[in-house]
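# Close look at the chain arrangement
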Amino acid sequence: MRGFTLVELAVTLAVAVIVLAIALPGYQSFVDNQRIRATTHRLVAHLQLARSESVKSGRRVALCPSSNGTTCAEGFDWTAGFILFRDRNHDRDRQPDEHLIRVQGEAAQMHILTSTGRRRVVYQPDGTVTGGSNATFRVCSRVAPERNRAVIVSNTGRPRTAARDARNLPISCS
């Protein structure tokens, strides 16, 4: 069995570099798209679980941003994570004696923001959301902003996703 010559190895390496140079941007785009889809679907799943738990238990269930996985954080940034809990005392803030249903950690390479005035999403026992207006989450890619998505929660409690805003423009996170 004969070995490869230095020229054959150099040509093989050059071909591999060219193939990688062509394929890598497409692969990165695929990874970015999958990351934003997964983050959006995870958020929708938490909202659906919150709605389901509120109806099933007959109690208020809240979803709020959390950086430590046990208490609600202030503000509209949900990037560090969020928690889902039964809001027994109706204060929209988790107390140590309130049942923690689920914890979601940080969203890698993503930025998640809620609409102004909607720091929490609270489901009523009938599955509706308190607050008076739709809650909009903007799921923003730090790498590919053209792929940003929105998760809109109607007053009836049903979440839906969108790739464009009401003016048919891409979702903005600025």
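Residues numbered from 1 in each chain as written. Predicted model: local features only at pLDDT ≥ 70, side-chain atom pairs only at ≥ 80, totals over all residues. Heavy atoms only, no water.

## A look at the environment of arginine 42
Our working definition: For helices the rule is a DSSP run of H or I covering at least 4 residues; for strands it is a run of E covering at least 2, with both sets numbered from the N terminus onward.
Within the fold, arginine 42 resides in helix H1 (residues 6-57). Linking arginine 42 and alanine 166, residues 124 residues apart in sequence, is a C-alpha distance of 23 Å.

## Overview of the packing of aromatic side chains
Operational definition: Paired rings are identified among Phe, Tyr and Trp, the last through its six-membered ring, by centres lying within 6.5 Å, and are further divided according to the angle between planes into stacked (under 30 degrees), edge-to-face (over 60) and tilted (the rest). In this scheme, a residue with accessible area under 20% of its type's maximum is buried, one over 50% is exposed, and one in between is partly exposed, where area comes from a 1.4 Å probe on protein chains only.
This model, assessed by the stated rule, comprises two aromatic pairs. Centroid distance tryptophan 78 to phenylalanine 82: 5.7 Å. Interplanar angle 55°. Geometry classified as tilted. Judged by its relative accessible area of 0%, tryptophan 78 is buried. For phenylalanine 82, a relative accessible area of 4% corresponds to the buried category. Taking the centre distance of 4.9 Å and the plane angle of 85° together, the rings of tryptophan 78 and phenylalanine 137 count as edge-to-face. Of this pair, tryptophan 78 sits in the loop between strand S1 (61-65) and strand S2 (82-86) while phenylalanine 137 sits in strand S6 (residues 135-141), and the two are 59 residues apart along the sequence.

## Describing empty space enclosed by the protein
For clarity, the threshold we go by: As defined here, a cavity is a set of points on a 1 Å grid over the protein atoms alone where a 1.4 Å probe fits but cannot get out. A pocket is an open set with protein on both sides within 12 Å along at least five of seven lines, and residues line them when an atom is within 4 Å of a point. Grid points are joined across faces, edges and corners, and a volume is the space filled by probe spheres set on the points. Side-chain classes follow a simple rule in which Ala, Val, Leu, Ile, Met, Phe, Trp, Tyr, Cys and Pro form the nonpolar group, Asp, Glu, Lys and Arg form the charged group, and the remainder, Gly included, forms the polar group.
One pass over the full model with this rule turns up one cavity of 30 Å³ or more. What the largest cavity holds in volume is close to 50 Å³. Taken together, Thr39, Arg42, Trp78, Thr79, Phe82, Gln104, Gly105, Glu106, Ala107 and Ile112 make up the lining of the largest cavity. Class assignment for the residues of the lining of the largest cavity results in four nonpolar, four polar and two charged.

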